[in-house]
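Breakdown of the fold
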Amino acid sequence: MKKKPASAPTFTSVFGKALVAEARRDERIVAITAAMRGGTGLDAFFEEFPDRFVDAGIAEEHAVGLASGLAFGGKKPVVAIYSTFLQRAIDQIVIDSALPNLDVVFAIDRAGVVGEDGPTHHGMFDIAYMRMIPHMRVLAPSDEAELVHALHTALALGGPFAIRYPRGAAEGAPVPDEPEVLEEGRARVVRDGGDVAVLAFGRMVSRALGAADILAQRGIDARVVDMRWVKPLDAEEIARAAQTKLVVTVEGGVVAGGAGEGVLGEMARQGLCAPTLNLGIQDRYVPQGKVDLLLRDLGLDAEGIASSVEKRLARLGG
């Protein structure tokens, strides 16, 4: 994994600046949060557009219901809430936003392992609870440039969208001046290789690239794919991955109901048969601790991913 520059911004601050830029272009955009204006990077939005900002207080259900009402009225609400707290509003997401297919963007901050806030605050479940919802599309940007593109894409395409991104320093990627609309359900290959295919989601892309470097030293050629989309998945890239010795999925959320299981379902739909390995948070809660140490404990750092791949290949005789 490449070392981040000391001056790398946070994902949260990049989101906040990107949303202000989008709001300058489109007066229909409204920002909503639930007693976490500063924590979700919305201070600058509030300062520039106070009449287009709503803090619903500690009432996530109301925040989502309000967003749905505003969307019915022609606005384009962006709801910024921490992953662990958005769980409180699943009913409103399903019934109020997704069922009528409204233009509501869910900016899911603190997705994945968050570190020292404690076991209640890890954003472990948002992939599982968002990908199950009809009409919902889910993006997992891997760096700050991808986050800017993801927000622009969600606002441009319309309908209910979820964008998940982690707490803490971003990857040091240049932030684009002009965001792009990402092709729906299309991944990008960030490293080519023919022995195994690592399909990585969000912040796990940088860890997967680090694992590929380690595997290369051990004679294993790994392709790394930034999947970008949790839903819809890139069916063509999954089919290509199935042509290798091992299909590996890596995500920063629970394996049960997660993106990896989505990949397995897509393989079954296509009638593809290949050895697989799903890496993520297994059936456990994650304690308090520094993010890097927790990821190491979960086997989701570069060395842990590489070790899991090597062991699976050894069992396969590859």
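Residues numbered from 1 in each chain as written. Predicted model: local features only at pLDDT ≥ 70, side-chain atom pairs only at ≥ 80, totals over all residues. Heavy atoms only, no water.

**Considering the overall build of the protein chain**
Using the following cut-off: A run of H or I in DSSP becomes a helix once it reaches four residues, and a run of E becomes a strand once it reaches two; helices and strands are each numbered from the N terminus. Computation of the radius of gyration draws on C-alpha atoms alone. For the globule rule, the value is 2.2 Å times the number of residues to the power 0.38. Remark: exposure states derive from per-residue accessible area (1.4 Å probe, protein chains only) relative to the maximum for the residue type, with buried under 20%, exposed over 50%, and partly exposed in between. Contacts: residue pairs with any heavy atoms within 4.5 Å of one another. Surface accessibility in these figures is a Shrake-Rupley result with a 1.4 Å probe; residues are shielded only by whichever protein chains are displayed.
When helices and strands are counted, the protein chain shows 12 helices and 12 strands. Rg of the C-alpha trace for the protein chain: 19 Å, near the compact-globule value of 20 Å for 318 residues, within the 12% margin. Overall, the protein chain is about 60 × 45 × 40 Å in size when its C-alpha atoms are taken along their principal axes. A total of 318 residues make up the protein chain; the buried ones form 58% of that total. Contacts spanning at least 24 positions in sequence make up 79% of the contacts within the protein chain whose residues lie at least 6 apart. Working note: accessible area of the protein chain is about 12,700 Å², and carbon and sulfur atoms make up 51% of it.

**Points about the packing of aromatic side chains**
Formally: Note on aromatic contacts: the rings of Phe and Tyr and the six-membered ring of Trp form a pair at centre separations within 6.5 Å, being stacked when their planes are under 30 degrees apart, edge-to-face when over 60 apart, and tilted otherwise. Counted as over-ring charges are cases with an Arg CZ or a Lys NZ within 6 Å of the ring centre that also lie within 35 degrees of the ring normal.
For the structure on display, the rule yields five aromatic pairs. Between Phe46 and Phe53, the ring centres sit 5.3 Å apart and the planes meet at 70°, which makes this aromatic pair edge-to-face. Assessed through its relative accessible area of 11%, Phe53 is described here as buried. Relative to Trp229, the ring of Phe161 has its centre 6.0 Å away and its plane inclined at 55°; by these criteria the two rings are tilted. Separated by 68 residues along the polypeptide, Phe161 in strand E6 (residues 161–164) and Trp229 in strand E10 (residues 229–231) bring together distant segments of the chain. In this structure Phe161 comes out as buried when scored by relative accessible area, which is 0%. Above the face of the Phe46 ring, Arg37 is positioned so that its terminal group lies 4.2 Å from the ring centre.

**Brief notes about the sheet that holds E10**
Using the following cut-off: Only when DSSP finds a minimum of two bridges between them are two strands counted as paired. Helix axes use the C-alpha atoms of the stretch in contact, all axes being lines fitted to C-alpha atoms, and the angles between their N-to-C directions lie in the range 0 to 180 degrees.
If you trace the seven strands from one edge of the open sheet to the other, you get E2-E1-E3-E4-E6-E5-E10, paired in mixed fashion. The open sheet is flanked by strand E2 (53–55) and E10, the only strands paired with a single partner. Pairs of neighbouring strands in the sheet enclose a mean axial angle of 20°, with direction left out of account. Of the pairings in the sheet, the one linking strand E3 (residues 76–82) to strand E4 (residues 105–109) comprises five bridges and is parallel in character.

**Comments concerning the side chain of Asp126**
Going by this rule: We define a polar contact as two N or O atoms separated by no more than 3.5 Å, with the added condition that, inside protein, one atom must be a possible hydrogen donor and the other a possible acceptor, whereas residues neighbouring each other in sequence contribute only through side-chain atom pairs.
You can see Asp126 is positioned in helix H6 (residues 126–131). Here Arg164 takes part through its side chain, which lies 2.4 Å from a polar atom of the side chain of Asp126. Residue contacts for Asp126: discarding those within four places in its chain leaves Ser83, Ile108, Ala111, Gly112 and Arg164.

**A short note on the nonpolar core**
What counts here: Here, the term nonpolar core denotes a set of buried Ala, Val, Leu, Ile, Met, Phe, Trp, Tyr and Cys residues that are joined through side-chain atoms within 4.5 Å.
Among the nonpolar cores identified, the biggest contains 44 residues, and Ile81, Leu86, Ile93, Phe106, Met130, Met136 and Leu199 are the most heavily contacted of them. Counting residues per element, this core draws most heavily on helix H3 (residues 60–72), at four residues. Beyond its immediate stretch of four places on either side in the chain, Phe106 contacts Val64, Val79, Leu86, Ile93, Ser97, Met130, Met136, Phe161, Ala162 and Ile163. Listed in part, the 34 residues of the second largest apolar core include Leu215, Ile281, Val286 and Val291.

**What about H3?**
Note the following rule: How far a helix is expected to stretch is found by multiplying one less than its residue total by 1.5 Å. Arc definition: directions from the helix axis to the C-beta atoms.
Counted at 1.5 Å a residue, the expected span for H3 with its 13 residues is 18 Å, and the 19 Å between its end C-alpha atoms agrees. Along H3, the residues classified as buried are Glu60, Ala63, Val64, Ala67, Ser68 and Ala71. Axial view of H3: buried residues confined to an arc of 135°, hence all on one face. Taken together, the buried residues of H3 touch strand E1 (29–33), E3, helix H4 (83–86), helix H5 (90–98) and E4. Residue Gly74 follows H3 closely and has a positive phi angle near 100°.

**Comments concerning the environment of Arg284**
Its place among the elements puts Arg284 in the loop between strand E12 (276–281) and helix H11 (291–297). Judged by its relative accessible area of 33%, Arg284 is partly exposed. Through-space distance from the C-alpha of Arg284 to that of Glu178 is 41 Å; in sequence the pair is 106 residues apart. Contact partners of Arg284, with chain neighbours within four places excluded, come to Met124, Asp297 and Leu298. Within the local environment of Arg284, its side chain forms a polar contact with the side chain of Asp297, the two groups lying 3.1 Å apart.

**Description of the sheet that holds strand E8 (residues 196–200)**
Spatially, five strands are ordered E7-E9-E8-E11-E12 in an open sheet, and the strand pairing comes out mixed. The sheet terminates laterally at strand E7 (188–191) and E12, the two strands that pair on one side only. The sheet shows a mean angle of 25° between the axes of neighbouring strands, direction not considered. In this sheet, strand E11 (residues 246–254) lies alongside E8 in parallel orientation, the contact comprising five bridges. Bridging from a neighbouring strand, Ala200 pairs with Val250 of E11. Relative to E11, helix H10 (residues 259–270) is tilted by about 145°, and along the sheet it contacts E8, E11 and E12.

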